[in-house]
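Chain and residue survey
Spelled out, the chains give:
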Amino acid sequence: MTMQLTAWKRAIPNLNTPSTKDLSRINGSIALPLRSARSAANSGGYPVTFAAPYTSISKSQKQKKSLDRDFFVSVLETSVTRRDAKAYMNKFVPLLEKKGATGFKQRAAQTNSTNKKSLAEELVRADAAVVKKDVALGPKPDADLAIQVPMYVALVKFRAPQEVSDAILDGVGKTLSQLRKLGLISIVVVDCGNVGEDEAAQRQTATIQANRIAMAIDNYDAPGARVIDSPITIEAPAEGDGSPFTSRGLFVGNPQDLMAALQEEVIPIISSFGYTADACTVKPVNVNDAILALTRQLSGLQFLGQPTEDPKAIQTSRSAEVYRLIVLDPLGGIPAKNRATGRYLFLNLEQEFPEVRNDLTASASSNLNGQSSASLQHLENAELAKNVLSLLPPTSSAVITTPQEVANERGPEDNGVDWALVGTRRGQNPLIHSLLTDKPVQSSSLPSERFRPFTSSTGTAQIGSLTTLAKRGTPLTILPDPRVTPWKPPQAGQRGLNLTDPSIDLPRLVNLIEDSFGRKLDVDHYLKRINGNLAGIIIAGEYEGGALLTWEKPPGLDGSEAEVSHRLVPYLDKFAVLRKSQGAGGVADIIFNAMVRDCFPDGVCWRSRKDNPVNKWYFERSRGSLKFNDMNWTMFWTTPDLALDGQKFRDYESVCRGVEPSWADQKHVVD
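A few points on the structure. In this text the structure is predicted, and so the values were computed from the model without any measurement.

Our focus in this paragraph is the packing of helix α8 (residues 166-181) against helix α16 (residues 430-437). For the pair α8 and α16, interaxial distance at closest approach is 10 Å and the crossing angle is 15°. Looking at the two axes, α8 sits roughly parallel to α16. Note that α8 runs across α16; the crossing there is right-handed. Contacts between α8 and α16 pair Thr-175, Gln-178 and Leu-179 from the former with Leu-431, Ile-432 and Leu-435 from the latter. In terms of residue class, the contact of α8 with α16 is built from four nonpolar, two polar and no charged.

Below, the discussion takes up the pairing of strand β2 (residues 184-191). Within β2, eight of the eight residues are buried, which leaves the element mostly enclosed by the surrounding structure. In β2, alternate side chains face the same way, and those of Leu-184, Ser-186, Val-188 and Val-190 on one face and Ile-185, Ile-187, Val-189 and Asp-191 on the other are all buried. Relative to β2, strand β1 (residues 151-159) is paired through eight bridges, and the arrangement is parallel. Paired with Val-153 across the bridge in β2 is Ile-185.

This part covers the packing of aromatic side chains. The full count for this structure, using the stated rule, is 14 aromatic pairs. For the ring pair Phe-619 and Phe-636, a centre distance of 5.0 Å and an interplane angle of 70° mean the geometry is edge-to-face. With a gap of 17 residues between them, Phe-619 in helix α21 (residues 615-621) and Phe-636 in strand β21 (residues 633-637) connect regions that are remote in the sequence. Residue classification places Phe-619 among the partly exposed residues on the basis of a relative accessible area of 33%. On the basis of relative accessibility, which here comes to 0%, the residue Phe-636 falls in the buried class. Where Trp-637 meets Phe-649, the ring centres are 5.6 Å apart and the plane angle is 85°; that geometry is what we call edge-to-face. One end of the pair, Trp-637, is in strand β21; the other, Phe-649, is in helix α22 (residues 646-658), and twelve residues separate them in sequence. Since its relative accessible area comes to 8%, Trp-637 is described here as buried. We note Arg-607 situated over the ring of Trp-633; from NZ or CZ to the ring centre the distance is 3.8 Å. Above the plane of the ring of Phe-628 lies Arg-657, whose end atom (NZ or CZ) is 4.3 Å from the centre.

Conventions adopted
- Within every chain, residues take consecutive numbers counted from 1 along the sequence as written.
- Only residues with pLDDT of at least 70 are given local features in this predicted model, and only at 80 or more are side-chain atom pairs given and counted; all residues enter the totals for whole chains, interfaces and linings.
- The basis for every side-chain value is the complete set of non-hydrogen atoms in the structure, without hydrogens or water.
- Angles here are taken between N-to-C directions and fall from 0 to 180 degrees, while the axes themselves are lines fitted to C-alpha atoms, restricted in helices to the stretch in contact.
- Note on conventions: DSSP H or I runs of at least 4 residues are helices, E runs of at least 2 residues are strands, and numbering of each starts at the N terminus.
- Orientation labels follow simple angle bins: below 35 degrees gives roughly parallel, above 145 gives roughly antiparallel, 65 to 115 gives roughly perpendicular, and whatever is left gives oblique.
- If you view the pair so one helix is near and one far, a crossing is left-handed when the near helix is turned anticlockwise from the far one by less than a right angle, and right-handed when it is turned clockwise.
- We call two residues in contact whenever any of their non-hydrogen atoms come within 4.5 Å of each other.
- Amino acids outside the nonpolar list (Ala, Val, Leu, Ile, Met, Phe, Trp, Tyr, Cys, Pro) and the charged list (Asp, Glu, Lys, Arg) are all regarded as polar, and Gly is one of them.
- The cut-offs for exposure are 20% and 50% of the maximum accessible area for each residue type, with area from a 1.4 Å probe on protein chains only; residues under the lower value are buried, those over the upper are exposed, and the others partly exposed.
- A pair of strands is labelled paired if DSSP reports no fewer than 2 bridges between them.
- When two rings of Phe, Tyr or Trp (its six-membered ring) have centres within 6.5 Å they constitute a pair, described as stacked for plane angles under 30 degrees, edge-to-face for angles over 60, and tilted for the intermediate range.
- Geometrically, a lysine NZ or arginine CZ counts as sitting over a ring once it is within 6 Å of the ring centre and also within 35 degrees of the ring normal.

Here it is as structure tokens:
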């Protein structure tokens, strides 16, 4: 309540401004002066009286240590693998070096890349080096304001901040500040929704909430946040304008305040309003269209109203790269009907968006339990993620989550319950986790038994995370299509799929297998072995990954055709991902999900060498495993209650023991 009242008082000067402004501001001819930009850093343009300007050193040091400790904890709680740490450091260490941490790369190279504490320590040193440099040198001269290349930006849509408590908002501010320390600076667009009031009242609400967010960020590391004037210009949209690549009637016509904030690494806060191009009148705009306009501007895809007289702003715009879209919505991630968590933990937009759209549209039409408005809001968030990511490189992603999960704080009432499946610890912060690993907090391919129910901070029962990580992803080809032809054991006289089928690119498939396994395949031997018992094939993208599945006959099986067909074992013969795609983009999870949900929902088995480094991944996703004492194999399966069916278990074991390898180097030697 205190933050709400203070934000209201701070917003009063902004509410007395007229609803129109000089046309030259729309055209971007007046840049924000450096001195006024700095003085407005924490106030959005009004004077601020700083209390206790000479804070004691001990108190300042205590606050700095507390912030550093929270930062350490946030990084250490993230499950960073060697590959994750290397990918993050390759991308963000050059930026931290240019920001002033000159020894970062050398110190990082001397430490173990998997040491998460060392990673956090280096990041704290980097931030301290920048602050110390700024204090020693004073205000930066204009020549030094040119932003270092590259700057990674997160576009943040904050929906309904008026419904968020001060404590949760403070946690969100802390997380956004920590993201900046990790190399990702946010641009926050405030969406207070249609409050059913006139435009003046909507502006008042939006201004108050924007100042609340800025105050929450200002509680943490400098340089804080700034409420800036909207850079959005409104003009009549072209007829039939429905593509994210076009303006939709909005473009960034006044980027000076925005670019000045980015140059100083201040987090800009923008209300979802714009100025008309003809009369310069303030009007509310659709927040999703405003996010798309900012994306086009920062991606070099805006061609309307592009200013040419400010080379500094143009340089900043070209230097900034939108790396992530973040949607903070009290509703959380995208709902899913066929997931144990009730949410898409990972959303492959190329493959799953049509299903999402159909499900949410049907839910909104039926209006079951009054969920029509919630379904439409989820659909808006999914469409925003799809449209924004279509403008960005494939490495970009979108995170849709709740402010509560981003704040990542537990109340006293949560001390005795599991929090995000980590016992009594806090759950991993989804924004920090996704930045360091580029993965969802919990893998989408885990079996349902891995998700334990717990009580959320709001007191509601919950299974798993409410966060969705969305990527443009990769298309998936499944032959035969299980939606048309379910995968069933072959019948007598029935012609099945073969790898020589024209719809399968055999040379690319062979290259995929050999690249993934690092071994030469005996193609002729392999084709003969699986001829007639190929169940199907799953291909991700342009043969970036794939799975070959077969129906295997247990050794020594005799009897009628019906009995043989009944006892055929569903077997994962090859699971391969190109080495360049391993650990990135969720290719393995996409393939595995398709296998266990669409192709073999009743279960499948496979085997892996005991010393295979991928076994940890297999153990997590299987429902059971068995290590053979006399062989170098471990058997895995996803079949429910397999151990209770003795005959089926023996069939699975005999198949995994007896499958003959088809490698050209040691084709007759079992690994």
